[in-house]
Amino acid sequence: MKNFNYNIPTQIFFGEGKIEVLGKEIKKYGSRVLLAYGGGSIKKNGIYDDVVKELKENDVEYFELSGIEPNPRVESVEKGVEISRENDIDFILAVGGGSTIDCAKAIAAAFYYDGNPWDLVIGKAEIGKVLPLASVLTLAATGSEMDAGAVISNLETNQKYGFGHPDFFPKFSILDPSYTYTVGEYQTASGVADIMSHTFESYFSNEKGAYIQDKIAEGILDTCIKYGPLALKEPDNYEARANLMWASSLAINGLIGYGKDSVWSVHPLEHELSAYYDITHGVGLAILTPHWMEHVLNEDNLYKFVEYGVNVWKIDSGLSDLEIAKLAIEKTAEFFHNLGIPMTLKEVGINEEKLEIMAKAVTDHNEGFVGNFKSLNYDDVLEIFKSSL
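Please read all numbers here as calculations on a predicted model, not as lab measurements. (Residues numbered from 1 in each chain as written. Predicted model: local features only at pLDDT ≥ 70, side-chain atom pairs only at ≥ 80, totals over all residues. Heavy atoms only, no water.)

## Brief notes about the pairing of strand 5 (residues 133-137)
Taken across its five residues, strand 5 has five buried, putting it largely inside the fold. Burial of the side chains of strand 5 extends over both faces: L133, S135 and L137 are buried on one face and A134 and V136 on the other. Sheet topology places strand 4 (residues 91-96) next to strand 5; five bridges connect them, and they run parallel. What sits directly across from A94, in strand 5, is S135. Where strand 5 meets strand 8 (residues 172-175), three bridges bridge the pair, whose relative direction is parallel. Counted as the bridge partner of V136 is I174 from strand 8. (Buried < 20%, exposed > 50% of the residue type's maximum accessible area, 1.4 Å probe, protein only. Helix = DSSP H or I, 4+ residues; strand = E, 2+ residues; numbered from the N terminus. Pairing = 2+ DSSP bridges.)

## Focus: the sheet that holds strand 3 (residues 61-65)
Adjacent strands of a sheet pair through backbone hydrogen bonds, lying either parallel or antiparallel. Spatially, 1-8-5-4-2-3 is the arrangement adopted by the six strands of the open sheet, whose pairing is parallel. The open sheet has two edge strands, strand 1 (11-14) and strand 3, and neither has a second partner. Neighbour-to-neighbour, the strand axes of this sheet turn through a mean angle of 20°, independent of strand direction. In the packing of helix 3 (residues 47-57) onto the sheet, the strands contacted are strand 2 (32-36), strand 3 and strand 4, and the crossing angle to strand 3 comes to about 150°. Lying over the sheet, helix 4 (residues 74-86) contacts strand 2 and strand 3, oriented at roughly 155° with respect to strand 3. (Axes fitted to C-alpha atoms, helices over the stretch in contact; angles between N-to-C directions. Contact = heavy atoms within 4.5 Å.)

## What about a nonpolar patch on the surface?
Taken together, the side chains of M1, F4, Y6 and I212 make up a nonpolar region of the molecular surface, amounting to roughly 450 Å² of accessible area. Of note, M1 is situated in the segment before strand 1. M1 sits in the partly exposed class, given a relative accessible area of 48%. (Patch = residues over 30% accessible without salt bridge, like charges linked within 9 Å, V, L, I, M, F, W, Y side chains within 5 Å. Areas by Shrake-Rupley, 256 points an atom, 1.4 Å probe, with all protein chains shown as cover. Salt bridge = Lys/Arg side-chain N within 4 Å of Asp/Glu carboxyl O.)

## Overview of the nonpolar core
As a rule of thumb, soluble globular proteins bury nonpolar side chains together. Judged by nonpolar contacts, the single largest core of 103 residues is most densely connected at Y308 and F336. Ignoring any residue separated from it by four or fewer positions in sequence, one finds Y308 in contact with F200, Y203, F204, L221, M293, W313, A328 and T332. Grouped together as the second largest cluster of nonpolar side chains are 23 residues, I19, L55, V95 and A134 included. (Core = buried A, V, L, I, M, F, W, Y, C linked by side-chain atoms within 4.5 Å.)

## Quick notes on the packing of helix 4 against helix 5 (residues 98-110)
For the pair helix 4 and helix 5, interaxial distance at closest approach is 9 Å and the crossing angle is 55°. Taken together, the axis directions place helix 4 and helix 5 in an arrangement best described as oblique. As for how helix 4 packs across helix 5, the hand of that crossing is right-handed. On helix 5, the residues that touch S76, V77, G80, V81, S84 and R85 of helix 4 are C103, A106, I107 and A110. Each residue belonging to the contact of helix 4 with helix 5 can be placed in one class, and the counts come to six nonpolar, three polar and one charged. (Parallel < 35°, antiparallel > 145°, perpendicular 65-115°, else oblique. Left-handed = near helix turned anticlockwise from the far one by under 90°. Nonpolar A, V, L, I, M, F, W, Y, C, P; charged D, E, K, R; others polar.)

## A closer look at helix 11 (residues 281-296)
Helix length check: helix 11 (16 residues) gives 22 Å between terminal C-alpha atoms against 22 Å at 1.5 Å per residue, within 8%. The sharpest bend along helix 11 reaches about 30° and sits at L288, with the proline P290 one to four residues further on. (Expected span 1.5 Å × (residues − 1). Bend = angle between axes of the 7 residues up to and from the residue.)

## A look at the pairing of strand 2
The two faces of a sheet get side chains in turn, since along a regular strand they alternate between them. Counting buried positions over the five residues of strand 2 gives four, a clear majority of the element. Pairing geometry for strand 2 and strand 3, over five bridges, is parallel. Bridged to L35 within strand 3 is E64. Strand direction decides the pairing type here: strand 2 and strand 4, joined by four bridges, are parallel.

## A word on the packing of aromatic side chains
Evaluated as defined, the whole model comprises 22 aromatic pairs. On the basis of an interplanar angle of 20° and a centroid distance of 5.0 Å, the ring pair of F4 and Y258 is categorised as stacked. Taken as a pair, F4 in the segment before strand 1 and Y258 in the loop between helix 9 (238-250) and helix 10 (266-277) lie far apart in primary sequence, 254 residues in all. A residue is classified by how much of its surface remains accessible, and Y258, at 12% relative accessible area, is buried. With centroids separated by 5.8 Å and ring planes inclined at 20°, the aromatic side chains of Y29 and F91 adopt a geometry described as stacked. Separated by 62 residues along the polypeptide, Y29 in the loop between helix 1 (22-26) and strand 2 and F91 in strand 4 bring together distant segments of the chain. The class of F91 is buried, set by a relative accessible area of 0%. Aromatic ring contacts, followed pair by pair, group F200, Y203, F204, W292, F305, Y308 and F373 into a single cluster. In this structure, K226 packs its charged tip against the face of Y227, placed 5.2 Å from the ring centre. (Phe/Tyr/Trp six-rings, centres within 6.5 Å; stacked < 30°, edge-to-face > 60°. Lys NZ or Arg CZ within 6 Å of the ring centre and 35° of its normal.)

Such coordinate-based values are descriptive only and should not be taken to indicate function.
As structure tokens, this is what we get:
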């Protein structure tokens, strides 16, 4: 296991009714809030009313930014900065899923920057001061409620990039599983795929000594496999929603990546799909993941797929290593398919037209190679894209 510095500073208020702490917690940091949310579902399911009630009862002024996209765009960041500056905002509250929280993080950074917020995303300018922020989570998926990263899209340039800063960790996040009861089947399934993909990115590494991290990762995968289908069948099953919500946070808050030097592979590839075609992130990950697994599997890393197959999918350890590995990959694809997720790029409107452009873009952005479990060059990426059609 490699050396690491542990730091996960976000305070979590987990459970039904925890919205009651919202106003009191905000007042520790500010009193003029930018309330950021997406397409308006929080107004239909009552979450908006819960939030506003707490703000008003605690004399917190709020100004709204609505309409944040599923793949949040830099234009929404710009709009949020404008509203925040006009109203002397001192705190940002994101109510929604990862896209809303990511947009809030970008606004928090861009508030203190005079140039185009996209400069911060692409690293043209450094992030300085960051406004404090918090989240009320309504979708178990990205884990942005408990991490220091954000992903923003620029559709004009067909770019979607992740960036981060230690101050992107929300000061606190409220995780009420009942707030995810109304999430539809497609988004629930996509969220499960996203959680599993985050886990895979850390789990499939070349570090053999991080035993406890891998066991936690396997537990997260077990949780998704057990509770993902149940949440689809019984949307208001508190146990299922609670376990998926906590898995979402643990998959990407850094815990299972400490002691490793994993460089992510599938996420950069999927970002290209979303940048050009604006597809659902978790769906893109589910489509690509089995093909990535098949492409990177070799004699050097076969042992990892055997661990995955035996420990997660409970495959008979008496089979040959290669049989276990192949069966584990098959079971991964089958699980995503059974969740109702499209399993080919063509099903989500992507054909061969831009595959070469996207393969070049992702490798160029990553200095020629993507990931380090098995480094992918342009030809590797293109082959994975083509096999996913």
